[in-house]
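Coordinate inspection notes
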Amino acid sequence: MASRVTRDRAFFAFSPRIGAAMHVRQGEEFTVETHDCFSGQLKSSSDTLDTLDWSITNPATGGVYVEGAKPGDILRVDLLEVKATGPSVMVTIPEVGALGDLITEQETTILEHSGDSVVYKGKVKVRQKPMLGVIGVAPASGEVPNSTPGDHGGNMDCTLVTTGASLYFTVGVEGALFGCGDMHAVMGDGEIVICGAETPGELRAVAQVVDLPGLPTPFLANDELVVVIASAETSDEAYKEAVHRMHRFLTGIAGLSVNDAAMLMSLVGNLVFCQVVDPLITVRFEFQKSVLAQYGFELPQG
Ligand code: CA
Ligand code: ZN
């Protein structure tokens, strides 16, 4: 049976101190159960934020200690399956989020899961695309609350963190101490009201160290795209960092010239907001693998 870490192994800040909830070998499949971002405290529309214990919000599960992962290594985590178990919950919070100026009433809404959809207020069916809002590895030192994204990963709220994606992180501590949480059954890019369909769930994954020195992390790849993710205090800083990181990847690792990388980024690349509601803004830059293939470049498989 594959290794499993249960959702009671929750932590609330990425740090070297989260310790190992489970050890896995490189390439060994493992499963991580995740709570929703309220630790399951909101079960009906009458459960409001007034009675919420905020100290246990934004849990992540872990750490998963990957044998042989050393500080400075690049760890690739392949998301074999991101599965939302439901039901989901959404909230509005006055004065919070990109529309906080208009929101005066706190509301809790439960979204039932029906087949591969979630159902909003009994009438709007939305196809699920389960993703993990929080995913990352322990930083080399200090601690980063799970609410906050950063170079270790964390609360990036990137909709591409879904089944079939590979995430790349720079290892901060021995064993990497991977963790994840804050699953959304579905979420729009930007997460403007401060939540998606917040759901408990399960990740099935494998992790291994790969030989990609200098890779700007966090980095993501799926069947079609390579993606860099950057977080900063302002959206201006975040987008500039994201485009520079992608350019660094295209020139330093994929071998394109300065101008080819820049022109092709302008021709086929996409700059996308991941979220605008966390303590830092997160932006990603997406670039087509098919273009890299025409330069004879491929990410290492093994
Ligand atoms: Ca989040
Ligand atoms: Zn969330």
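Each remark here, short or long, concerns the structure printed above.
Below: a short report on this structure. Within each chain, residue numbers correspond to sequence positions counted from 1 in written order. Going through the entries in the order they are written, you letter the chains from A and number the ligands from 1. Totals for whole chains, interfaces and linings use all residues, but because this is a predicted model, local features are given only for residues with pLDDT of at least 70 and pairs of side-chain atoms are given and counted only at 80 or more. Hydrogens and waters are ignored; side-chain quantities use all the structure's heavy atoms.

**Description of helix 2 (residues 258–268)**
Applied cut-off: Whether a residue is buried, partly exposed or exposed follows from its accessible area with a 1.4 Å probe, protein chains only, as a fraction of its type maximum: under 20%, in between, or over 50%, in that order. In this description a helix means any DSSP run of H or I spanning at least four residues, a strand means any run of E spanning at least two, and both kinds are numbered starting from the N terminus. Throughout, the arc means that of the directions going from the helix axis to the C-beta atoms. Contact criterion: two residues are considered in contact whenever any of their non-hydrogen atoms come within 4.5 Å of each other.
All of the buried residues along helix 2 are Ala261, Leu264 and Met265. Taken down its axis, helix 2 places every buried residue within 105° of arc, on the same side. Away from its buried face by more than 90 degrees, helix 2 exposes Asn259, Met263, Ser266 and Leu267. In this structure, the buried residues of helix 2 make contact with helix 1 (235–252), strand 22 (281–288) and helix 3 (289–294).

**Re the packing of aromatic side chains**
Aromatic rings in a pair are described by how distant their centres are and how their planes are angled relative to each other. The test is simple: Only centres within 6.5 Å qualify two rings of Phe, Tyr or Trp (six-membered ring in Trp) as a pair; their planes then separate them into stacked at under 30 degrees, edge-to-face at over 60, and tilted for everything else.
Taken as a whole and assessed by the stated rule, the structure comprises five aromatic pairs. Their ring planes at 80° and their centres at 4.9 Å tell us that phenylalanine 11 and phenylalanine 14 sit as a pair that is edge-to-face. Accessibility assignment for this pair places phenylalanine 11 and phenylalanine 14 in one class, buried. Plain terms: the ring middles of phenylalanine 30 and phenylalanine 178 are 6.1 Å apart, the flat faces sit at 70° to each other, and that makes the pair edge-to-face. Note that phenylalanine 30 is positioned in strand 5 (residues 30–34) and phenylalanine 178 in strand 17 (residues 178–184), a separation of 148 residues in sequence. Residue phenylalanine 30 is classed as buried on the basis of its relative accessible area, which comes to 0%. Cluster of aromatic residues (ring-pair linked, three or more members): Tyr168, Phe219, Phe249 and Phe297.

**Looking at the pattern of salt bridges**
How we decide: For this analysis, a salt bridge means a side-chain nitrogen from Lys or Arg found within 4 Å of a carboxyl oxygen belonging to Asp or Glu.
Evaluation of the coordinates by the stated rule reveals 14 salt bridges. Between lysine 121 and glutamate 107 there is a salt bridge whose closest N-O contact spans 2.6 Å. Linking lysine 121 in the loop between strand 10 (117–120) and strand 11 (124–127) with glutamate 107 in strand 9 (residues 107–114), this pair joins segments that are 14 residues apart in sequence. A residue is classified by how much of its surface remains accessible, and lysine 121, at 43% relative accessible area, is partly exposed. Relative accessible area serves as the criterion here: at 34%, glutamate 107 is assigned to the partly exposed category.

**Considerations on the coordination of the zinc ion (ligand 2)**
The condition that has to hold: Any nitrogen, oxygen or sulfur atom within 2.8 Å of a metal ion counts as a donor, with the limit raised to 3.2 Å for Na, K and Ca, and since water is left out, coordination shells can look unfinished. For four-coordinate sites, all angles between 85 and 135 degrees define a tetrahedron; for four- and six-coordinate sites, opposite donors beyond 155 degrees with the remaining angles between 65 and 115 define square planar and octahedral shapes respectively, and all other cases count as irregular.
Around the zinc ion (ligand 2), the donor atoms from the protein are Asp182 (OD), His184 (NE2), Glu198 (OE) and Glu198 (OE), and they sit 1.8 to 2.5 Å away. One way to put it: the four donor atoms around the zinc ion (ligand 2) meet at angles of 55 to 146°, and that makes the site irregular. Along the chain, the residues donating to the zinc ion (ligand 2) fall in the pattern D-x1-H-x13-E. Between the zinc ion (ligand 2) and the calcium ion (ligand 1), a separation of 3.6 Å is found, and both are coordinated by aspartate 182. Of the two residues, histidine 184 is situated in strand 17 and glutamate 198 in the loop between strand 17 and strand 18 (201–210); the sequence distance between them amounts to 14 residues. Taking relative accessible area as the criterion, histidine 184 reaches 0% and is therefore assigned buried. The class for glutamate 198 is buried, based on a relative accessible area of 1%.

**Here we look at the pairing of strand 20 (residues 225–232)**
Sheet faces and side chains relate simply in a regular strand, where the side chains alternate between the two faces. What counts here: Two strands qualify as a pair provided DSSP detects at least 2 bridges between them.
Across the eight residues of strand 20, eight count as buried, placing the element largely inside the fold. Neither face of strand 20 is open: one carries Leu225, Val227, Ile229 and Ser231, the other Val226, Val228, Ala230 and Ala232, and all of them are buried. Where strand 19 (residues 219–221) meets strand 20, three bridges bridge the pair, whose relative direction is antiparallel. Note on strand 20: the bridge partner recorded for alanine 221 is valine 226. In this structure, the hairpin formed by strand 19 and strand 20 is closed by a connection of three residues. Pairing of strand 20 with strand 22 involves eight bridges; the strand directions are antiparallel.

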